[in-house]
Amino acid sequence: MGSLGDRFNQMTGKTRFVVFRLFLHLTGKEVAPLLGVLNSSARHAIDQDGDIQAFGEGLAEICQSLLQYDVYWQSVANEGDVFWDEGEAGDFVEELFTDSAQRYHSGIEVEGLEASDDVLSVPITQNLIVMLTVAYEGDEPALETDLSNISALKTALKALTNLHYQDRLRAVQIHFSPAQLGDELTSDQLILHFPELIPL
């Protein structure tokens, strides 16, 4: 992502911001427990009033969980852009937030499932999409590249975790589809809502 403009802005002492989004598709009945990790991280961050440290901790926990589930990785997509203006970076974060939120699929309502017979009949989704969007300062070569192979993706997830520990995160968004246990994301919905995915 280096360019003449990048070098000029570095010389003038401007801060480089990168906005990055990752889509990771996992498949198999065994991925359902990940919904618990995702929901727990989201709830914790909300409880902390959107504190960036809380979001960073959640991001790190999710990345570690995704690395443990690597045998279920199916397809991936990533995108991003470089900014030298914090306001422009913030605008792009908002744009990606809106886009990710609109891709949410919430199908079946799982309210009031107290009886054990009902709980046993809750469908388990075969597909799970995790959408991670971050804005960070500086450069991170492991994220600013094509992630359509497993080795690069593993390195990228570790790099995302490190951004939290290096205190370089400026924004974190976590979306996932389906949003809760009992919702389903079918193969047709996957193709419709996530056309950019590339098989791993």
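Please refer to the structure higher up on the page.
The following paragraphs examine the structure supplied in this document.

### Notes on the pattern of salt bridges
Inspection of the entire model under this criterion finds 8 salt bridges. Note that E144 is salt-bridged to R16, the shortest N-O span being 2.9 Å. Taken together, the positions of E144 in the loop between β3 (127–137) and α6 (150–165) and R16 in the loop between α1 (4–11) and β1 (17–27) put the pair 128 residues apart, joining distant regions of the chain. In this pair, the class of E144 matches that of R16, namely buried. With a closest N to O distance of 2.9 Å, R170 and E137 form a salt bridge. With a gap of 33 residues between them, R170 in strand β4 (residues 169–177) and E137 in strand β3 connect regions that are remote in the sequence. Beyond isolated ion pairs, a larger network of salt bridges with shared partners links R21, E79, D99, R103 and E196.

### Considerations on the packing of aromatic side chains
If you walk through the whole model with that rule in mind, you get 3 aromatic pairs. Aromatic pair F23 and F194: ring centres 6.1 Å apart, planes at 70°, arrangement edge-to-face. Note that F23 is positioned in strand β1 and F194 in the loop between α7 (187–193) and β5 (198–199), a separation of 171 residues in sequence. By relative accessible area, F23 is classed as buried at 1%. Relative to F92, the ring of F83 lies with its centre 5.6 Å away and its plane at 45°, an arrangement referred to as tilted. The same class applies to F83 and to F92, which are both buried.

### Describing the nonpolar core
With 40 residues, the main nonpolar core has L26, L66, L132, L157 and L160 as its most contacted residues. Counting residues per element, the ones that place at least two in this core are β1, α2 (32–47), α3 (52–68), β2 (73–83), β3, α6 and β4. By residue number, the principal contributor to this core is α6, which donates 7 residues. With near-sequence residues (within four places) excluded, L26 lies in contact with V31, L34, L66, Y69, Y72, W73, Q74, Q126, N127, L128 and V130. Membership of the second largest hydrophobic core comes to 9 residues, among which are F17, V19, L96 and A135.

### Some points on the pairing of β1
The buried fraction of β1 amounts to 10 of the 11 residues, a majority that puts the element mostly inside the structure. Pairing between β1 and β2: 10 bridges, direction antiparallel. Looking at β2, one finds that L26 is bridged to W73. As paired strands, β1 and β3 are joined by 11 bridges and run antiparallel to one another. Within β3, the residue paired with T27 across the bridge is N127.

Conventions adopted
- Residues numbered from 1 in each chain as written.
- Predicted model: local features only at pLDDT ≥ 70, side-chain atom pairs only at ≥ 80, totals over all residues.
- Heavy atoms only, no water.
- Salt bridge = Lys/Arg side-chain N within 4 Å of Asp/Glu carboxyl O.
- Helix = DSSP H or I, 4+ residues; strand = E, 2+ residues; numbered from the N terminus.
- Buried < 20%, exposed > 50% of the residue type's maximum accessible area, 1.4 Å probe, protein only.
- Phe/Tyr/Trp six-rings, centres within 6.5 Å; stacked < 30°, edge-to-face > 60°.
- Core = buried A, V, L, I, M, F, W, Y, C linked by side-chain atoms within 4.5 Å.
- Contact = heavy atoms within 4.5 Å.
- Pairing = 2+ DSSP bridges.

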